[in-house]
Amino acid sequence: MLSARGLSVVKDNVSDIGESVVDIPLERMSKTTYPSWRDIVNYAKEGSMAPRKRKFQEMTVKHPNAAGIDIGSASHFVAVRPDRGEDTVREFGCFTEDLEAMARWLLECGVDVVAMESTGVYWIAPYEILESHGLKVHLVNARHVKNVSGRKSDVLDCQWLQQLMTFGLLRGAFRPEGDICALRAVSRQRDALLREQARQVQRMQKALTQMNVQLTNVITDIAGKTGQDIIRAIVAGERAPEKLAKLRNYRIHASEEKIAKSLEGNWREEHVFCLGQALALFDTYQKLIAEADTKLEELIKPMRRSEKMLPPNKKKGRGKNAPSFDVLNMLYQWIGVDLTRIGGIDVTTALKVVVELGTDLSKFKNAKHFASWLGLCPGTKISGGKKLSGASKRLPNRVAQALKLAAQGLWRSHCALGAYYRRMAARLGAGKAITATAHKLSRLIFAMLTKGEDYVERTQHQYEEAFRNRSLANLKRRAKALGYRVELIQSEAA
C-alpha cells in the first residue's frame, strides 16, 4: 500500500538520476482530476472527445393502432387513425358513462395503445377506466408535443398525439401497479396531514409569542412532552408559572426556574382562545395521522413475501415523524433487502422510496435511466462545442426530494458516503454536493431493488484509500499520454 505524500514526474528519456523531477503533493491530486483542455495536447484529447456512435433510426410505424386523447376538465377529445371510419375524432364528456363509451369506441376501432396529455388530476379517471378495458395507456409530457406551431385547438392536439404515438415518438410517464398506487395515495395523504399539523405548531408558537410567553426559547420543541403538557395546562386555565414549570420532563436541559421565568405572560383572552383552537386542530391531525398509519400497515401486510426479522439495532431508532408500526421489518419482509443499511437512509426515507416506486423497476433500462428520471443527473446543454449549463433538471419528484434530504444529513457521517459528500461540497459547493450524493444514493437503491443484494457499507478510511489509488492511477495515465511517467520519490519509498 502506498503511503508517500509526494510523487515524482520523470521524463521518459532521462537517466536514472531523475533529472527534471517535479514533486507533486498528493493532497492536490483531487484538484487535477478534471484538468482544463488548454494544458493538454491534441493527441491526448482524441480519446476523450470521440463522438458517441448512435444507430440511425428511420421513421417507422411502431403502433399502428394508436389513439390520441386531449384531456380536459369537462370533456375529452379522442382521435384515431383516419382509415378507421368516417368520424375519426370524437368528443366525450367527463362522466363515468361517457368514459365507458369512449373505451368501447376505441376497442371498436381496433385501438390497443392510447396516448393522453393532461394537467392536474383530470387524467386519472380516464386512465384507470381505459386500463381496465385492456388498453395500454401512456400519459405523456405536454412539453414533448408542443414543439410544432399552428396547433391551437383540442381537435388538432389529439390528432397530433395520435400521429406521434403511431411512430413511437412519445414515452409514457412512470406509473406503478394498482396496489402500489393505493399505497402511494395513503402515504401522500399522510404527508399532507403532517404538513398541516406542523402549521398548527407554528400557530401555537405565534399565540405564545403574542402573550410574551417565551417557552420556545427554553425548550427545543413545543410539540414534545414538556411543551404539550404546559400548553394543555395553559388552555385548561393554569396561569401560575411555578406550577407550569413543574411539568418539565427530566430530559429538558433548562431548569424549572428558567422555565418559570419564561412563562410570565400577559394571558390575553383572545390569544389563549387561538392557542386552544390550534391545539384542538393539532390533536385532530394527530388522530388522522394515526388512522393513516393503520391503513398503511393494512396495505403493506399482504405484500410481505417472508416472515424474516432483522436483528435489533439501537442505532436505527424510530424517527420523529415515522409511522407508529414496525416499518423497518415490514419493508424487509416485503422487498427482501434493508435499504437503511445505506448511509443517510432512515426508515421514513426507505418507506417513501418503496411506496412511490414499488419493487418492480423494470420500466427503467438501467441505473442511469433511473437517476435521469429522478432529475439527479448533470445536464448536457451544449451548443457550438461550448457547455452552456450542467445543471440538473428541476423536477417535482418526491423520491428525489427524499434522497436530497438524506444526502444533506450525511455531512457529519463517518461512512464512505459522508466522505464523498464532504469532498463534493469542498469542490462544488453544498447544493451541487447534495445533488451528486443523492444521485449516488439513487444508484445504490436501484441496484438493491433490482438485484436483491444487501449493501456493504464502507468506512471513511476505505473510501479515502480507494480515492487515493484512483487518483494515482489517473495521474499515471495522464502523465503517460504526455510522455512522462510517475515514480515514487526515493526518500518516501524508503
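A quick note: this is a predicted structure, and the numbers were derived from the prediction, not measured.

Asks: What am I meant to see in the sheet that holds strand β3 (residues 66–70) here?
Replies: Consider a sheet: its strands pair through backbone hydrogen bonds, and that pairing is either parallel or antiparallel. Here we have 5 strands laid out as an open sheet, ordered β5-β4-β3-β6-β7, and mixed in their pairing. Looking along the sheet, the strands with just one partner apiece sit at the ends: β5 (89–93) and β7 (136–139). Looking at each pair of strands side by side, their axes are set apart by 25° on average, direction ignored. When strand β4 (residues 75–79) meets β5, the two strands line up antiparallel, connected through 5 bridges. Pairing of V78 across the sheet is with R90, part of β5. Relative to β5, helix α2 (residues 96–108) is tilted by about 155°, and along the sheet it contacts β3, β4, β5 and β6 (113–117).

Asks: Any chance you could explain the confidence of the model for the protein chain here in plain terms?
Replies: Low pLDDT means the predicted coordinates in that region are not meant to be read closely. Here the protein chain averages 85 in pLDDT, and 85% of its residues register 70 or above. By mean pLDDT, helix α1 (residues 42–45) is the weakest element of the protein chain at 42, and helix α9 (residues 269–300) is the strongest at 96. The low-confidence segment residues 1–50, where pLDDT is below 50, has 73 contacts with residues more than four positions distant or belonging to other chains.

Asks: What exactly am I supposed to notice about the packing of aromatic side chains here?
Replies: Aromatic rings considered in pairs are described by the distance between their centres and by the relative angle of their planes. If you walk through the whole model with that rule in mind, you get 9 aromatic pairs. A centroid spacing of 5.5 Å and a plane angle of 80° characterise the contact between W123 and Y127, whose relative ring orientation is edge-to-face. A relative accessible area of 14% places W123 in the buried class. Aromatic pair F364 and W373: ring centres 5.2 Å apart, planes at 55°, arrangement tilted. By relative accessible area, F364 is classed as buried at 5%. Taking relative accessible area as the criterion, W373 reaches 27% and is therefore assigned partly exposed. Each member of the aromatic cluster is reached from another via a ring pair, and the members are F174, F364, F370, W373 and F446. Looking at K440, its charged tip hangs above the ring of Y420, at a distance of 4.6 Å from the centre.

Asks: What's the story with the packing of helix α6 (residues 225–236) against α9 in this structure? I'm lost.
Replies: Helices that pack against each other are described as a pair by the angle of their axes relative to one another and the distance between those axes. In contact at an axis separation of 10 Å, α6 and α9 are set at 130° when each is read in the N-to-C sense. Overall, the two elements α6 and α9 adopt an arrangement that is oblique. As for how α6 packs across α9, the hand of that crossing is left-handed. Between α6, through Q228, I231, R232, I234 and V235, and α9, the contact on the second element is made entirely by V272, L275, G276, L279, F282 and D283. Of the residues belonging to the contact of α6 with α9, the class tally is 7 nonpolar, 2 polar and 2 charged.

Asks: Is there a simple way to think about the pairing of strand β9 (residues 386–389) in this case?
Replies: Remember that side chains alternate between the two faces of the sheet whenever the strand is regular. Of the strand pairs in this sheet, strand β8 (residues 381–383) and β9 are connected by 3 bridges, and their pairing is antiparallel. Residue pairing across strands places I382 opposite K387, the latter belonging to β9. Once β8 ends, the chain turns through 2 residues before running back antiparallel as β9, passing G384 with a positive phi of about 65°.

Asks: How should I be thinking about helix α10 (residues 327–335) in this particular structure?
Replies: Because an α-helix packs 3.6 residues into every turn, residues spaced three or four apart end up facing the same way. Burial of α10 is extensive: 9 of the 9 residues sit out of reach of the surface. Those residues of α10 that are buried are in contact with α5 (178–210), α9, α11 (347–357) and α15 (430–451). In the segment just after α10, G336 is the residue with positive phi, at about 85°.

Asks: Looking at this structure, how should I read the environment of A322?
Replies: Assignment of secondary structure puts A322 in the loop between α9 and α10. A322 sits in the buried class, given a relative accessible area of 3%. When the C-alpha positions of A322 and D293 are compared, they lie 9.2 Å apart, and in sequence the two are 29 residues distant. Non-local contacts of A322, meaning those with residues more than four positions away in its chain, are made with R190, V347 and T348.

Asks: For this particular structure, what's the right way to read unusual backbone geometry?
Replies: Peptide bonds are mostly trans, and most non-glycine residues show a negative phi. Of note, the phi angle at N212 is positive, near 60°, even though the residue is not glycine. Structurally, the position occupied by N212 is in the loop between α5 and α6. Although it is not a glycine, W267 sits at a positive phi angle of roughly 55°.

Asks: Help me understand the environment of L331 in this model?
Replies: Among the secondary structure elements, L331 is positioned in helix α10. On the basis of relative accessible area, L331 is assigned to the buried category, the value being 6%. When the C-alpha atoms of L331 and I300 are compared, they prove to be 8.1 Å apart, with 31 residues separating the residues in sequence. Sequence-distant contacts of L331, that is, excluding residues within four places in its chain, are made with G336, V337, V347, A350, L351 and V354.

Asks: What exactly am I supposed to notice about the pattern of salt bridges here?
Replies: Going through the model one piece at a time under the given rule, you end up with 14 salt bridges. R188 is the salt-bridge partner of E356, the closest N and O atoms lying 2.9 Å from each other. Pair noted here: E356 is in helix α11 and R188 is in helix α5, with a separation of 168 residues, a long-range link. What makes E356 buried here is its relative accessible area of 6%. A residue is classified by how much of its surface remains accessible, and R188, at 29% relative accessible area, is partly exposed. E356 is the salt-bridge partner of K352, the closest N and O atoms lying 3.9 Å from each other. Separated by 4 residues within a single helix, K352 and E356 lie in helix α11, roughly one turn from each other. Both residues of the pair, K352 and E356, belong to the buried class. When salt bridges with common partners are traced through the structure, they connect R188, D191, K352 and E356 into a single cluster.

Thresholds, definitions, all that
- In this numbering scheme, every chain counts its residues from 1 along its sequence in written order.
- In keeping with the predicted nature of the model, local features appear solely for residues at pLDDT of at least 70, side-chain atom pairs appear and are counted solely at 80 or more, and the whole-chain, interface and lining totals rest on all residues.
- Values reported for side chains reflect all heavy atoms of the structure, with hydrogen atoms and water molecules removed beforehand.
- A pair of strands is considered paired only if DSSP assigns at least 2 bridges between the two.
- Strands here are runs of E lasting at least two residues and helices are runs of H or I lasting at least four, both read from the DSSP assignment and numbered beginning at the N terminus.
- Here the axes come from fitting lines to C-alpha atoms, over the contacting stretch only for helices, and the angles between their N-to-C directions go from 0 to 180 degrees.
- Throughout, a contact is declared for two residues whenever any of their heavy atoms are within 4.5 Å.
- On a scale of 0 to 100, pLDDT captures the predictor's confidence in every residue.
- For Phe, Tyr and Trp, where Trp contributes only its six-membered ring, two rings pair if their centres lie within 6.5 Å, and the inter-plane angle classes them as stacked under 30 degrees, edge-to-face over 60, or tilted in between.
- Each residue gets one of three labels from its accessible area relative to the maximum for its type: buried under 20%, exposed over 50%, partly exposed in between, using a 1.4 Å probe on protein chains only.
- Put simply, a charge is over a ring when the Lys NZ or the Arg CZ is close to the ring centre, within 6 Å, and near the line of the ring normal, within 35 degrees.
- For this classification, under 35 degrees means roughly parallel, over 145 means roughly antiparallel, 65 to 115 means roughly perpendicular, and everything else is oblique.
- The crossing is said to be left-handed when, going from far helix to near helix, the turn is anticlockwise and less than a right angle, and right-handed when the turn is clockwise.
- Asp, Glu, Lys and Arg are counted as charged, while Ala, Val, Leu, Ile, Met, Phe, Trp, Tyr, Cys and Pro are counted as nonpolar; the rest, among them Gly, fall into the polar class.
- Any carboxyl oxygen of Asp or Glu that lies within 4 Å of a side-chain nitrogen of Lys or Arg is treated as forming a salt bridge with it.

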